[in-house]
Amino acid sequence: MARWCFRHRLVVLVLWVGALFGLGFTASTAGTDYANVFSLPNTDSKKAYDLMEKAFPERAGDTDTVVWKTDDGSVRDGDVRSRIEPALDEIAGMDGVGEVASPYAGERGAAQISEDGRIAYAQITFREQANAVPKELIEDVVDTAQAAGGDGLQVELGGQAIARTQEPPAGTAELVGIVAAAIVLFLAFGSLFAMLLPIVVAIAGVGTGMLATMLLSHVTNVPEVAPLLGSLIGLGVGIDYALFIVTRHRRGILRGAEPEDSAVTALNTSGRAVLFAGGTVCIALAGMLVMNLRFLDGVVIATSLTVVLSVLAAITLLPALLGLLGTRVLSRRQRRKLAATGPESEEASGLAARWSATVQKRPRSVAALAVVVMAVLALPVLSIRLGATDQGNHQDSTTTRQAYDLLAEGFGPGVNGPLQVVVEGAAPDSLVSGIEATEGVAQVAAVPPANGISVINVVPTTSPQSEETDVLIDRLRDDVIPEAGVEAHVGGVTAVFKDFASVTGDRLPYFIATIIALGFLLLMVAFRSLVVPLTAAVMNLVAAAASFGVLVAIFQWGWGTELLGIGKEGPITAFLPVIMLSLLFGLSMDYQVFLVSRMHEEWVHTRDNARAVRVGLAETSRVINCAALIMICVFSAFVLSGDMEGAMAGIGLAAAVALDAFILRTALVPAAMHLLGDSNWWLPEWLEKRLPHLAVEPKEDPVPEPAAPEGGASVVHGYIRAADGEPVADAAVTLMSKGGRQLDRVTSLADGSYIVSVPAPGTYLLAATASVHGARARQVVVDGEPVVYDMELTEVSEGEVDAVN
């Protein structure tokens, strides 16, 4: 497939451009129909919501608030009313506004004026839900209301629809993330064209994913946060996947391969790993379905679809672009050097090789330091509290935050999150009096029955995010309502999010167990080991704990929230652990696959664990760290999304990726694998026979049968000796293809002699490894006749990596 895409590059490009423009035209014509469905079956708040919907079907639109405060006098004064009332009348007359409840509307509105008379509010009910209200209408409402302010009168607005006016322009976070990633890529590649490749591929994957999600929102419930999370994960994996393939392709050209052969090899090696890694991400995301929360179904669809399309772009669009660029994927300096000095050596060197040697030399020290760092960062997770963010968490400068604070100042903090006690039929007086006498209740107002349903509005004395408000909800449900002898349900936004957090907490262990089990099985099948997937599962849990520790410190404890410009501290959004754990486990699995697949390849060839871990880390750590740096840039940029949940997810995932790549995969995992030794690759024989084979590495080419006539099979034979000329017995001698595939393997005899079979004439790699000597490899050319080749093994100096790897 890679070769076809490389050769038919214009066809592939036309197909991708056509898909983007076709989806773009269709999606822009159809629009969006996102639905924030917090459906929690069998919860008290859901039963209250259903009854409320039956009682007041006409109040389906979003309700927002206009709040004003006078510096002197009272809001009842004529000069204040003469400015506010015309503005409210103008808003009431706007097309799309259903109702405006003014505090000046007789006795009904008296409760909307504070006791000291300095603060009042009006409620605006739109005809549509917040995401369906035209933004122009919302802006007209804001401008009209705030035009009445000034000269000692402060006017602010709050509500879901109003908050849309404070959102930065769509795509700001994505654009900043892409620019930051472009800088990292340019520094890594030194080539403008090579820098653009991963970005173009990621944009193609994310673009088609987002447009497809817009269309899917018309046929299934997709929450409004789903496209944001989809673009967040899509940009991260899209750029990373292309980076892995482009890096392998550039290395192939630098080592003398033709661009087409290099691209095919890159797709057949790194591309396979990308396909496997993308599958693991989708499986981790699908683990959210275990939660059985309808709200998360749309998130799974949007994020998984974007990941699938990002992988598709990496394995089809990328080889087509590589075909267009040819050798220009290298920088000018690299092209000049290649022309002047020829292909470069295949020996791994530099900082990565030195660090890998250090980990091999001091695995206990490296592991201990990494564990201490992760443990310290994970400590705050012990105090995590799930809940909901609201406009009280917005930045101080926003009108929604100021409206929130004014309401709390004038009517108490509980007015921003009132509760509704809903009863079928008339509400008995004993229930109303019982609620009024309950500790933590500031105000109670019974609404006359409507459609056979009674609603009692309850204003707590504490804010919606306060733990005391949660205690009040439990007290009403467990004590007050049963004592009144009536069937009633406690609802309201605060109660909904409390139930959501409770359901999430109850089901989270099953979710974690599911995605760990699926990841364990996948890695066990891929790497034929029990210890490698077990190590990966433990590391994933460690990374999750540490990243949530960072999240709690920043968003719940408030360490640096104002500095980062993300508003006031509060509880961690209830659904965030599920989404973050899915993304984190998927991304962690990516890095584990890229790291361990190279180690496993080396282990298969040499059966030397220390060497396999050292070489695997030396050859993959640089690209893993570069990929992680790009993901950190992309995720961190979502602080600019204007969405608190988006900012939490961005910071949490950026911290998780940084800790996973820089501490776990390049320090703790290899150190642990050095300490575990050969047991890393242990798998019971009975299990080996029953497991299916899932090859992350390319399939071995069939070995030709030896042929007796000329030009047929032959042998390479000789002696393995030490530097002092003594024969080396029991040395492992392996014949490999130039691509590193094992063709034959023998053990040297007591006199150091060996003989390996050669399937056909050609150029091969001959590697020898002994326990007390370093491994050595040499290139041998076989022309059909037996070849005599003696090899000398010497000690390997610290940090040295042999040429075959």
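**Things to note about the overall build of the chain**
Next up, step 1: Broken down by element type, the chain carries 25 helices and 18 strands.
Next up, step 2: Taken over the C-alpha atoms alone, the chain extends approximately 110 × 55 × 40 Å along its principal axes.
Next up, step 3: Within the chain, the proportion of its 805 residues that are buried is 54%.
Next up, step 4: Restricting to contacts in the chain with at least 6 residues of sequence separation, those with at least 24 account for 77%.

**Focus: the packing of helix H10 (residues 226-254) against helix H11 (residues 259-286)**
Next up, step 1: With their axes 8 Å apart at the nearest point, H10 and H11 run at an angle of 155° to one another. Classified by the angle their axes make, H10 and H11 are roughly antiparallel. Judged by the sense of rotation from one axis to the other, the crossing of H10 with H11 is right-handed. Between H10, through Tyr241, Phe244, Ile245, Arg248, His249, Gly252 and Ile253, and H11, the contact on the second element is made entirely by Pro259, Ser262, Ala263, Ala266, Leu267, Thr269, Ser270, Gly271, Val274, Ala277, Gly278 and Val281.
Next up, step 2: Of the residues contributing to the contact of H10 with H11, the split by class is 11 nonpolar, 7 polar and 1 charged.

**Description of a negative patch on the surface**
Next up, step 1: The grouping of Glu90, Glu136, Glu139, Asp140 and Asp143 at the surface amounts to a negative patch.
Next up, step 2: No other element matches the 4 residues that helix H6 (residues 135-147) contributes to the negative patch.
Next up, step 3: Topologically, Glu136 is positioned in helix H6.

**With respect to the environment of Leu324**
Next up, step 1: With respect to the secondary-structure elements, Leu324 resides in helix H12 (residues 294-325).
Next up, step 2: Here Leu324 falls in the partly exposed class, since its relative accessible area comes to 38%.
Next up, step 3: Dropping the residues within four chain positions of it, Leu324 is found in contact with Arg9, Leu10 and Leu13.

**Focus: the sheet that holds strand S13 (residues 742-747)**
Next up, step 1: In space, the 4 strands of this open sheet follow the order S13-S12-S15-S16, with antiparallel pairing throughout. At either margin of the open sheet sits one strand with a lone partner, and together these are S13 and strand S16 (773-782). Each strand of the sheet is rotated relative to its neighbour by a mean of 20°, with strand direction disregarded.
Next up, step 2: Across 5 bridges, strand S12 (residues 732-736) lies against S13 in antiparallel orientation. By the bridge assignment for S13, Ala732 is matched with Thr747.
Next up, step 3: Seen against the sheet, helix H22 (residues 576-606) touches S12, S13 and strand S15 (762-770) and runs at an angle of roughly 50° to S13.

**Notes on the state of the cysteines**
Defined simply, a disulfide is a covalent bond joining two cysteines at their sulfur atoms.
Next up, step 1: Under the criterion given, the structure shown has 0 disulfides.
Next up, step 2: Free cysteine: Cys626, not disulfide-bonded; nearest cysteine sulfur from Cys633 at 9.7 Å.
Next up, step 3: Using a relative accessible area of 21% as the deciding quantity, one classes Cys633 as partly exposed.

**Some remarks on the nonpolar core**
Next up, step 1: If you look at the biggest cluster of nonpolar residues, it comprises 160 residues, and the most contacted ones within it are Met288, Leu296, Phe555, Ile630 and Phe635.
Next up, step 2: Here the element with the most residues in this core is helix H24 (residues 644-676); it accounts for 19 residues.
Next up, step 3: The contact partners of Phe555, leaving out residues within four places of it in the chain, are Thr561, Ile566, Glu569, Gly570, Ile572, Met644, Ala647, Met648 and Ile651.
Next up, step 4: Counting 28 residues, the second largest nonpolar core, distinct from the first, contains Ala120, Ile138, Val142 and Leu157.

Calculation rules
Residues numbered from 1 in each chain as written. Predicted model: local features only at pLDDT ≥ 70, side-chain atom pairs only at ≥ 80, totals over all residues. Heavy atoms only, no water. Helix = DSSP H or I, 4+ residues; strand = E, 2+ residues; numbered from the N terminus. Buried < 20%, exposed > 50% of the residue type's maximum accessible area, 1.4 Å probe, protein only. Contact = heavy atoms within 4.5 Å. Axes fitted to C-alpha atoms, helices over the stretch in contact; angles between N-to-C directions. Parallel < 35°, antiparallel > 145°, perpendicular 65-115°, else oblique. Left-handed = near helix turned anticlockwise from the far one by under 90°. Nonpolar A, V, L, I, M, F, W, Y, C, P; charged D, E, K, R; others polar. Patch = residues over 30% accessible without salt bridge, like charges linked within 9 Å, V, L, I, M, F, W, Y side chains within 5 Å. Areas by Shrake-Rupley, 256 points an atom, 1.4 Å probe, with all protein chains shown as cover. Salt bridge = Lys/Arg side-chain N within 4 Å of Asp/Glu carboxyl O. Lys, Arg positive; Asp, Glu negative; His and termini not counted. Charge placed at Lys NZ, Arg CZ, Asp CG, Glu CD. Pairing = 2+ DSSP bridges. Disulfide = S-S within 2.5 Å. Core = buried A, V, L, I, M, F, W, Y, C linked by side-chain atoms within 4.5 Å.

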